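What follows is each chain in one-letter form.
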Amino acid sequence: MTTSLVISSTLVVFSCLCIAKNVFLIMDENALEQALFLANFIDTPIYLDPVSDTQPEPRIESKPTQKAIEKESTPIAEAAPLAKEKTTPSPYPSLSYKGQNQRGLLVVFETPQGQKLPKAQADLMLNILKAINYSLMEDAAFINIGAQRHIPNLWEQILELPHEKMLIFGIKERALGSDKSKYDEEYYFEGKTYILSHSFDELEQNVAYKKSLWATLKKVF
């Protein structure tokens with residue numbers, strides 16, 4: 001009886017071992033089959049990037065310095081202007097005159113040492129210009145050569161002034177070409193008109209001289 005129970009128990013244990021073996025074999029076959037299936041379905045290996053606990057550091061943009069700002073904002077310097085050509089100054093003093101000479105009339109006279117005309121003679125000059133519709137300061141230029149005799153090229157400078165007509169009072173000079181000219185007669189040269197008359201002092205004292213001058217002025221103006 002006891003022997004039969006032992007044999008029976010042994011058979012049961014053996015049977016369990018066989019069943020367990022078959023189960024493991026089946027599981028191994030299923031695992032192998034699944035692995036082969038996955039290998040055929042996915043031919044590219046899959047890689048997982050390791051997760052980093054640290055976050056990338058933010059990029060800090062540096063602000064431009066004050067020197068950089070000044071450099072960018074500094075305008076490009078303009079090219080330096082060309083140096084002006086140097087001219088040789090004239091060795092002679094410049095001519096002095098008054099008036100704007102807007103209508104090209106030169107009034108030339110002379111007083112001792114370039115002194116101002118006495119009031120009566122100055123008024124006479126103004127009246128002569130008014131008679132021919134000229135303004136002394138705006139329309140004409142008046143030149144007192146009394147204090148400018150030392151200028152070597154005096155008459156050259158006078159003739160270089162813009163003018164269409166010239167009234168010469170009390171001056172007869174070879175340099176002007178009027179040393180043999182008559183008073184109160186008009187002369188024409190290079191399209192310009194010249195009238196030689198007595199000095200203001202002589203005109204003030206002599207009515208005949210005034211009438212003679214007036215007759216010439218009416219023909220020219």
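Shown above is the structure to which this text applies.
A short tour of the structure in this document, coming up. Within every chain, residues take consecutive numbers counted from 1 along the sequence as written. Given that this is a predicted model, residues contribute local features only at a pLDDT of at least 70 and side-chain atom pairs are listed and counted only at 80 or more, while totals for whole chains, interfaces and linings are drawn from all residues. The basis for every side-chain value is the complete set of non-hydrogen atoms in the structure, without hydrogens or water.

## Observations concerning the nonpolar core
By nonpolar core we mean a set of buried residues, namely Ala, Val, Leu, Ile, Met, Phe, Trp, Tyr and Cys, connected to one another through side-chain atoms within 4.5 Å. Burial classification: accessible surface area is computed with a 1.4 Å probe over protein chains only, and a residue below 20% of its type maximum counts as buried, one above 50% as exposed, and the rest as partly exposed. Judged by nonpolar contacts, the single largest core of 21 residues is most densely connected at Leu105, Val107, Phe109, Ile128, Phe169 and Phe200. By definition, any uninterrupted DSSP run of H or I lasting at least four residues is a helix, any uninterrupted run of E lasting at least two residues is a strand, and each is numbered from the N terminus. For this core, the secondary structure elements donating two or more residues are strand 1 (105–109), helix 3 (119–131), strand 2 (140–144), strand 3 (165–169), helix 6 (200–205) and helix 7 (207–220). The residues contacting Phe200, other than those within four sequence positions of it, are Phe109, Leu117, Gln121, Leu124, Met125, Ile128 and Phe169. If you look at the next biggest cluster of nonpolar residues, it comprises 16 residues, including Val108, Leu154, Leu161 and Ile168. Contact criterion: two residues are considered in contact whenever any of their non-hydrogen atoms come within 4.5 Å of each other.

## Section: the packing of aromatic side chains
Pairing of aromatic rings covers Phe, Tyr and Trp, the last through its six-membered ring, and needs centres within 6.5 Å; plane angles under 30 degrees mean stacked, over 60 mean edge-to-face, and all others mean tilted. With the rule as written, the count across this model stands at three aromatic pairs. With a centroid separation of 5.7 Å and 65 degrees between ring planes, the pair formed by Phe109 and Phe200 is classed as edge-to-face. On the criterion of sequence distance, the pair formed by Phe109 in strand 1 and Phe200 in helix 6 is long-range, its members being 91 residues apart. Summarising the burial analysis for this pair, Phe109 and Phe200 share the class buried. Both rings, one in Tyr134 and one in Phe221, keep their centres 5.6 Å apart while their planes meet at 80 degrees; by these two values the pair is edge-to-face. Of the two residues, Tyr134 is situated in the loop between helix 3 and helix 4 (136–139) and Phe221 in the segment after helix 7; the sequence distance between them amounts to 87 residues. Here the aromatic cluster, defined as three or more aromatic residues joined through ring pairs, consists of Phe109, Phe169 and Phe200. Here Arg103 stacks its cationic end above the ring of Tyr134, 3.9 Å away from the centre of that ring. Only when the NZ of Lys or the CZ of Arg is both within 6 Å of the ring centre and within 35 degrees of the ring normal is a charge said to sit over the ring.

## Side note on the sheet that holds strand 1
Pairing between strands is defined by DSSP: at least two bridges between them are needed. What the five strands build is an open sheet, ordered 2-1-3-5-4; its pairing is mixed. In this open sheet, the two edge strands, each paired with only one partner strand, are strand 2 and strand 4 (185–189). Within the sheet, the average angular offset between the axes of one strand and its neighbour, ignoring direction, is 20 degrees. Where strand 1 and strand 2 come together, five bridges link them in parallel fashion. Bridging across to strand 2, Val108 finds its partner in Ile143. Think of each axis as a best-fit line through the C-alpha atoms, taken over the contacting stretch in the case of a helix, with angles from 0 to 180 degrees between the N-to-C directions. Set on the sheet, helix 7 makes contact with strand 3, strand 4 and strand 5 (192–197); between it and strand 5 the angle comes to about 175 degrees.

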